[in-house]
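As a plain string of letters, each chain reads:
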Amino acid sequence: MVHDIHIADSFDSASRSKPLVSISLNLHAALFKHLNVSAMDRPLLNRLVDYHSDCTFSTRELQHLIFEIDTLAKTCPLTPIQHHILRQLRETCELAVTQGHSVYVLCD
């Protein structure tokens, strides 16, 4: 299983498109195992914690998700792999903002 990350204007178009980023179960575990991603402090990133669920980040939420990623990177010591995954997610969010689309994370 993987988390496939798409930029799209709807769930249907996301499910038919090629993902920009894929996060395997091992990478997902490496990202979240030792990070404090609580729903209270980082509600948007917290949606990614459940590996077996799809989630969507609307165009209105993307700037705040980027902020959460940046804050996490500044306040938590990250391994190189955690930094890499968060950078990929951040770059995907930035691209979605420029395109005016949402980000869809689909469990495949």
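Our structure's up above, just so we're on the same page.
These lines cover the structure that appears in this document, whether it is placed above or below. For every chain, the first residue of the written sequence is number 1, and numbering continues from 1 onward in sequence order. A pLDDT threshold of at least 70 governs which residues receive local features in this predicted model, and a stricter bar of 80 or more applies before side-chain atom pairs are shown or counted, although totals over entire chains, interfaces and linings include all residues. Processing note: side-chain calculations cover all non-hydrogen atoms of the structure and skip hydrogens and water entirely.

Here we come to the packing of aromatic side chains. Each Phe, Tyr or Trp ring, with Trp reduced to its six-membered ring, pairs with another whose centre is within 6.5 Å; inter-plane angles below 30 degrees give stacked pairs, above 60 give edge-to-face pairs, and intermediate values give tilted ones. Here the structure, examined in full by the defined rule, presents one aromatic pair. With 6.4 Å between their ring centres and 70 degrees between their planes, F11 and Y104 make a pair best called edge-to-face. Of this pair, F11 sits in helix α1 (residues 11-16) while Y104 sits in strand β4 (residues 102-107), placing them 93 residues apart in sequence. Relative accessible area decides the class of each residue, using a 1.4 Å probe on protein chains only: under 20% of the type maximum gives buried, over 50% gives exposed, and in between gives partly exposed. Its relative accessible area of 40% is what places F11 among the partly exposed residues. Secondary structure elements are taken from DSSP: a helix is a run of H or I of four residues or more, a strand is a run of E of two residues or more, and numbering for both begins at the N terminus.

Now for empty space enclosed by the protein. Buriedness for pockets is judged along seven lines, at least five of which must meet protein on both sides within 12 Å for an open set on the 1 Å grid over protein atoms alone, while cavities are sets there where a 1.4 Å probe fits but cannot get out, and lining residues have an atom within 4 Å of a point. Grid points are joined across faces, edges and corners, and a volume is the space filled by probe spheres set on the points. Under the definition given, this model contains one cavity of 30 Å³ or more. Empty space within the largest cavity amounts to approximately 70 Å³. H3, I23, H28, L31, F32, L48, I85, L89 and V105 are the residues that line the largest cavity. Breaking the lining of the largest cavity down by element, the ones donating at least two residues are α2 (25-32) and α5 (80-99). Amino acids are sorted into nonpolar (Ala, Val, Leu, Ile, Met, Phe, Trp, Tyr, Cys and Pro), charged (Asp, Glu, Lys and Arg) and polar (every other residue, Gly among them). Of the residues in the lining of the largest cavity, the class split is seven nonpolar, two polar and no charged.

Glancing now at the pairing of strand β1 (residues 2-8). Taken across its seven residues, β1 has six buried, putting it largely inside the fold. The rule for pairing is simple: two strands pair if DSSP sees at least two bridges between them. Of the strand pairs in this sheet, β1 and strand β2 (residues 21-24) are connected by four bridges, and their pairing is antiparallel. Opposite D4, over in β2, you have S22 as the bridge partner.

Bringing the sheet that holds β1 into the picture now. A sheet is described by the order of its strands in space; here four strands give the open sequence β2-β1-β4-β3, paired in antiparallel fashion. Here the strands that pair on one side only, and so sit at the sheet edges, are β2 and β3 (55-57). Across the sheet, the axes of successive neighbouring strands diverge by a mean angle of 20 degrees, strand direction being ignored. When checking whether two residues touch, look at their non-hydrogen atoms; a contact exists if any pair is within 4.5 Å. Note on geometry: axes are lines fitted to C-alpha atoms, helical ones only across the stretch in contact, with angles between N-to-C directions running from 0 to 180 degrees. Relative to the sheet, α2 contacts β1 and β2, its axis offset from that of β2 by approximately 80 degrees.

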